[in-house]
Amino acid sequence: MRELVYYVAVSIDGYIADAHGGFDAFLVEGDHAEVVFGEYADALPVQAHTALGIEPPGTRFDTVLMGWNTLTPALDIGITSPYPHLRQYVATTHPREHDPAITLTTDPLATVRDLKREDGLGIWLCGGGRLAGTLLPEIDRLVLKRNPVVLGSGVPLFGGLPQPARPFALTDVRRFASGVVIEEYAAPRR
Ligand SMILES: NC(=O)c1ccc[n+]([C@@H]2O[C@H](COP(=O)([O-])OP(=O)(O)OC[C@H]3O[C@@H](n4cnc5c(N)ncnc54)[C@H](OP(=O)(O)O)[C@@H]3O)[C@@H](O)[C@H]2O)c1
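Being a predicted model, the structure only gives us computed values, none of them experimental.

## Digging into the sheet that holds strand β10 (residues 181-186)
Thought 1: Pairing is mixed across the open sheet formed by eight strands, whose spatial order is β5-β4-β3-β6-β1-β7-β10-β9. With partners counted over all chains shown, the strands left at the sheet margins are β5 (102-105) and β9 (169-175), one partner each. Sheet twist, expressed as the average angle between the axes of neighbouring strands with direction ignored, equals 20°.
Thought 2: Taken together, the six bridges between strand β7 (residues 141-147) and β10 define a ladder with antiparallel strand orientation. Residue pairing for β10: Lys145 is matched across the bridge by Ile182.
Thought 3: In this fold helix α4 (residues 108-116) packs onto β1 (4-11), β3 (61-67), β4 (87-91), β5 and β6 (122-127), with an angle of close to 175° to the strand it touches most, β3.

Shown next, in the form of structure tokens:
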């Protein structure tokens, strides 16, 4: 069965963006970039592929899910379909004008369960925190790019609403000279 993978940059203290929704504090350059631009190039937006002159490899993910607030910064710069190489699902409770390449969902849990029944590559949970909080019961793998910064406040990794505890097993830790640590966790098999 295909996996739902929450692959996300996070601070030491568990925030995926600062209190203003920005993530300038997260490191783009450094030796960890080899993983971001190599292994995880499927999770780069179209403007990054264009700037780097690379094609998405199409080896890790074929689908992305994001919350409406995560799509908004792309819309603000005129990009209505940030991941055209992936099937794009955006969670919202509102009817919204959207690019035809995007499918809106008002029930992301049901959407993920349906997608998991199909054949294909991994399903990337892009974020943000609120959507990740909803989808926590369906997450199969966490890949956290832990950046060496304390933000103190901001957007929590799982949105900050109370959740029942869910144990994960640590499966890999990669430390980089940049100070970034990539941690991987697997959900227990059902
Ligand atoms: N560090 C990283 O790698 C990373 C990755 C992704 C995002 N981010 C950051 O995270 C922030 C956004 O996170 P966020 O937690 O504020 O928001 P979010 O999860 O991206 O979006 C929240 C919105 O998505 C919709 N939504 C979420 N759960 C839903 C559900 N169960 N059913 C239906 N709709 C649902 C709702 O949209 P409506 O209000 O339209 O109903 C909700 O207001 C941004 O600052 C973004 O830049 C960081």
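We are not done yet, so read on.
## Focus on the UniProt feature "domain: Bacterial bifunctional deaminase-reductase C-terminal" (unreviewed entry) in the protein
Thought 1: Under the present numbering, the feature "domain: Bacterial bifunctional deaminase-reductase C-terminal" (unreviewed entry) in UniProt falls on residues 4-181.
Thought 2: Secondary structure across residues 4-181 divides into 22% helix and 28% strand, with the first and last C-alpha atoms of the span separated by 21 Å.

## Describing unusual backbone geometry
Thought 1: Here the amide bond leading from Gly127 into Gly128 is cis, since omega sits at -5°, within 30 degrees of zero.
Thought 2: Relative to the assigned elements, Gly128 resides in the loop between β6 and α5 (129-135).

Conventions and cut-offs
- Residues numbered from 1 in each chain as written.
- Predicted model: local features only at pLDDT ≥ 70, side-chain atom pairs only at ≥ 80, totals over all residues.
- Pairing = 2+ DSSP bridges.
- Helix = DSSP H or I, 4+ residues; strand = E, 2+ residues; numbered from the N terminus.
- Axes fitted to C-alpha atoms, helices over the stretch in contact; angles between N-to-C directions.
- Contact = placed C-beta atoms within 7 Å.
- UniProt positions renumbered as here; feature names shortened; annotations may be inferred.

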